[in-house]
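Structural features, examined
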Amino acid sequence: MSEKFANYVGGRWVPARSGKTFFNHNPASGEVLGEYPASGPDDVNDAVAAARAAYATWRLTPAPRRAEIVFRAGEIIRARKEELARAMTREMGKILIETRGDVQEGIDMAYLAAGEGRRMYGVTTPSEMPNKWAMSVRAPIGVVGVVTPWNFPFAIPSWKLMPALVAGNTAVFKPAGDTPEMAWHFVRIFEEAGLPGGVLNLVFGSGSQVGAPLVEHPHVQALSFTGSTEVGLGINAIAGRLGKRVTLEMGGKNAIIVMEDADLELATDAIVWSAFGTTGQRCTACSRVLVHERVHDALAQRVAARAQKLKLGDGLEPATEVGPLVNANQVGTVEKYVAIGRGEGTLAAGGERPADGALARGHFYKPTVFTGVKAGARIAVEEIFGPVLAFVKVRDLAEAVEVNNASSYGLSSAIFTADVNRAFAAMRDLDTGIVYVNHGTTGAETHLPFGGTRGTGNGHREAGHTMLDPFTEWKSIYVDFSGRLQRAQIDNA
Ligand code: NDP
């Protein structure tokens with residue numbers, strides 16, 4: 001029988017009020033892993049009430065003390081890295097070296113966010129009046145609602161919750177339905193690290209029954225969401241109507257540009273890793289290669305040959321290079337786009353599910369490459385979120401930049417070239433939140449801001465030196481020690 005898990009509300013592990021449950025599964029085998037509360041609006045109300053009550057004392061706990069708890073959580077994560085990585089591979093499928101990287105992001109983020117507890121710098125500035133002090137400080141916002149996807153089920157909650165808590169907010173966390181176990185580990189670790197009850201609350205359940213009520217709740221002042229553009233824009237509309245702060249990280253259609261002077265071996269390594277790592281389900285995954293027409297065929301042949309050789313399998317097996325997709329829906333989406341792609345380009349690798357043996361039980365799909373695809377074709381424009389790559393020919397850098405920037409998304413882009421002048425022009429002109437030179441589109445480091453332009457985001461950046469921005473308000477404070485009424489803009493004009 002599978003283990004039964006509970007919500008975490010006000011420092012206690014409790015079932016959903018309705019008593020309903022759901023199960024998570026191993027996408028490589030279909031095995032049932034655990035049973036979780038299928039919560040509803042009443043459970044959200046309980047969690048928000050607990051977070052609200054805890055806010056009164058948490059916001060007054062000195063920031064360095066708050067940060068010490070986050071640091072301790074980082075130490076626990078480090079000690080359990082391997083156990084957490086294995087649990088993640090079992091739950092969402094990506095291979096062990098990648099799940100270790102996901103957990104490592106949690107460790108890196110814990111140490112980085114903990115450092116902010118002793119910085120969280122404000123600004124002092126001279127007043128225009130004599131004997132008057134002027135400064136601005138960061139203040140927490142209140143109760144934060146955090147909604148996350150399944151593809152980075154440890155790293156993404158870390159980017160959001162660690163800075164939110166260091167800043168003095170309390171939180172209600174609604175993880176993706178496909179990865180409840182990783183959320184449970186995350187919250188258990190904070191409990192063990194000594195986080196007071198009510199500061200971080202966890203409510204399992206669906207987007208409609210838990211996510212939507214959390215977004216709408218009048219006592220949730222700020223929202224942080226990562227997921228699809230469709231859901232994110234819906235949340236944005238509600239938050240706009242209710243006047244809430246909202247940070248959105250949404251879809252992507254990331255391009256690697258390869259110029260005719262590029263090192264094709266290096267570009268091939270980077271394309272294969274960026275396109276087929278995490279089975280193409282990274283928000284920064286490369287799903288289109290904009291390649292100079294002179295090297296299109298040579299590069300496409302190399303990448304297709306490598307794609308065909310990638311070993312599919314259970315991510316826990318050391319030899320596996322590509323794990324399963326997360327669920328049957330994702331397989332369906334990939335199948336739909338491959339059917340579209342057959343009319344839009346030449347199939348050079350993959351294009352089907354593996355039929356053999358154990359793989360038939362899991363959500364596997366062969367790494368797929370289409371060549372000679374037009375820039376405006378659907379497979380070159382729409383997010384697929386699977387192991388499907390489109391090669392698009394370009395004449396020169398100007399055309400590559402134009403095609404890159406015509407996308408409705410703007411998360412990550414990359415250029416391979418040996419020409420420093422072209423590299424700098426691309427760094428300036430590529431309209432994405434992240435640009436790589438001679439490196440694939442994935443591999444963001446936690447101490448740099450993370451986020452995208454256009455349809456990928458709404459102007460915020462997570463992590464990096466911007467990590468506190470989504471979770472703090474600026475408060476300007478004036479202290480007049482002149483002992484008399486001094487009127488700015490009037491008495492000194
Ligand atoms: P979804 O948007 O379907 O789900 C994301 C989260 O939102 C889940 O927890 C989901 O719950 C919840 N949710 C669904 N509907 C609602 C609602 N109406 N109100 C509130 N919450 C809701 O995305 P996926 O989980 O399928 O993730 C894949 C997508 O995420 C891709 O488009 C990808 O590009 C994007 N992504 C972007 C990243 C970035 O940094 N830009 C990083 C990672 C992913 P439930 O799971 O229960 O449905």
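Shown above is the structure to which this text applies.
Anyway, here's the lowdown on the structure attached to this text. (Residues numbered from 1 in each chain as written. Predicted model: local features only at pLDDT ≥ 70, side-chain atom pairs only at ≥ 80, totals over all residues. Heavy atoms only, no water.)

1. What to know about the site of the ligand
Neighbouring residues of the ligand: 30 residues in total, closest Thr148, Ser228, Met250, Cys283 and Glu383. For the ligand, an oxygen atom lies 3.1 Å from a polar atom in the side chain of Trp150. At 3.2 Å, a backbone N or O of Gly207 approaches an oxygen atom of the ligand. Expressed as a share of its isolated accessible area of 910 Å², the protein-covered part of the ligand is 83%. (Near = heavy atom within 4 Å. Polar contact = N/O pair within 3.5 Å; in protein donor to acceptor, adjacent residues only side chain to side chain. Areas by Shrake-Rupley, 256 points an atom, 1.4 Å probe, with all protein chains shown as cover.)

2. Focus on the pattern of salt bridges
Under the criterion given, the structure shown has 27 salt bridges. Residues Arg100 and Glu82 are paired through a salt bridge, measuring 2.7 Å at the closest nitrogen-oxygen approach. Of this pair, Arg100 sits in helix H4 (residues 96–116) while Glu82 sits in helix H3 (residues 81–92), and the two are 18 residues apart along the sequence. The partly exposed category is assigned to Arg100, whose relative accessible area is 27%. For the salt bridge of Glu462 with Lys160, the shortest nitrogen-to-oxygen distance reads 2.7 Å. Of the two residues, Glu462 sits in the loop between strand E21 (453–454) and strand E22 (472–480) while Lys160 sits in helix H5 (residues 155–166), which places them 302 residues apart along the sequence. Each of Arg80, Arg188, Glu191 and Glu192 takes part in a single network of salt bridges with overlapping partners. (Salt bridge = Lys/Arg side-chain N within 4 Å of Asp/Glu carboxyl O. Helix = DSSP H or I, 4+ residues; strand = E, 2+ residues; numbered from the N terminus. Buried < 20%, exposed > 50% of the residue type's maximum accessible area, 1.4 Å probe, protein only.)

3. Thoughts on the side chain of His292
Structurally, His292 can be placed in strand E14 (residues 286–292). Setting aside chain neighbours within four positions, we find His292 in contact with Val258, Met259, Glu260, Val394, Arg395 and Asp396. (Contact = heavy atoms within 4.5 Å.)

4. Overview of unusual backbone geometry
A positive phi angle is found at Met120, which is not glycine, with a value near 35°. Looking at the element boundaries, Met120 is found in the loop between H4 and strand E6 (123–126). Among the residues examined, Met120 registers a relative accessible area of 15% and is labelled buried. Unlike most non-glycine residues, Arg454 shows phi in positive territory, near 45°.

5. Topic: the sheet that holds E14
The strands that make up a sheet are held in pairs by hydrogen bonds between backbone atoms, and each pair lies either parallel or antiparallel. Strand order in this open sheet of seven strands is E15-E16-E17-E14-E13-E19-E20, and the pairing throughout is mixed. Because the sheet does not close on itself, it has two edges, and the strands there are strand E15 (346–349) and strand E20 (434–437). Sheet twist, expressed as the mean angle between neighbouring strand axes with direction ignored, is 20°. Against the sheet, helix H11 (residues 328–342) touches E15, strand E16 (368–371) and strand E17 (388–394), its axis set at about 25° to E16. Strands strand E13 (254–258), E14, E17 and strand E19 (412–416) of the sheet are contacted by helix H13 (residues 397–405), whose axis makes an angle of about 160° with E14. (Pairing = 2+ DSSP bridges. Axes fitted to C-alpha atoms, helices over the stretch in contact; angles between N-to-C directions.)

6. Describing the packing of aromatic side chains
Counting across every chain of the model gives twelve aromatic pairs. Between the aromatic rings of Trp150 and Phe385, the centroid separation amounts to 5.7 Å while the plane-to-plane angle is 70°, which identifies the pairing as edge-to-face. Placement of the pair is Trp150 in the loop between strand E8 (143–147) and H5 and Phe385 in the loop between helix H12 (378–381) and E17, with a sequence separation of 235 residues. The two residues Trp150 and Phe385 agree in class, both being buried. Summarising the aromatic geometry, the rings of Phe186 and Phe190 are spaced 5.1 Å apart at their centres and angled 40° between planes, so their arrangement reads as tilted. One end of the pair, Phe186, and the other, Phe190, are both in helix H6 (residues 180–192), four residues apart, so they sit about a helical turn from each other. What makes Phe186 buried here is its relative accessible area of 1%. An aromatic cluster is present here, built from Phe5, Tyr8, Trp13, Phe22, Tyr36, Trp184 and Phe204 joined pairwise through their rings. When the ring centre of Phe152 is taken as origin, the NZ or CZ atom of Lys94, which lies over that ring, is 3.7 Å away. (Phe/Tyr/Trp six-rings, centres within 6.5 Å; stacked < 30°, edge-to-face > 60°. Lys NZ or Arg CZ within 6 Å of the ring centre and 35° of its normal.)

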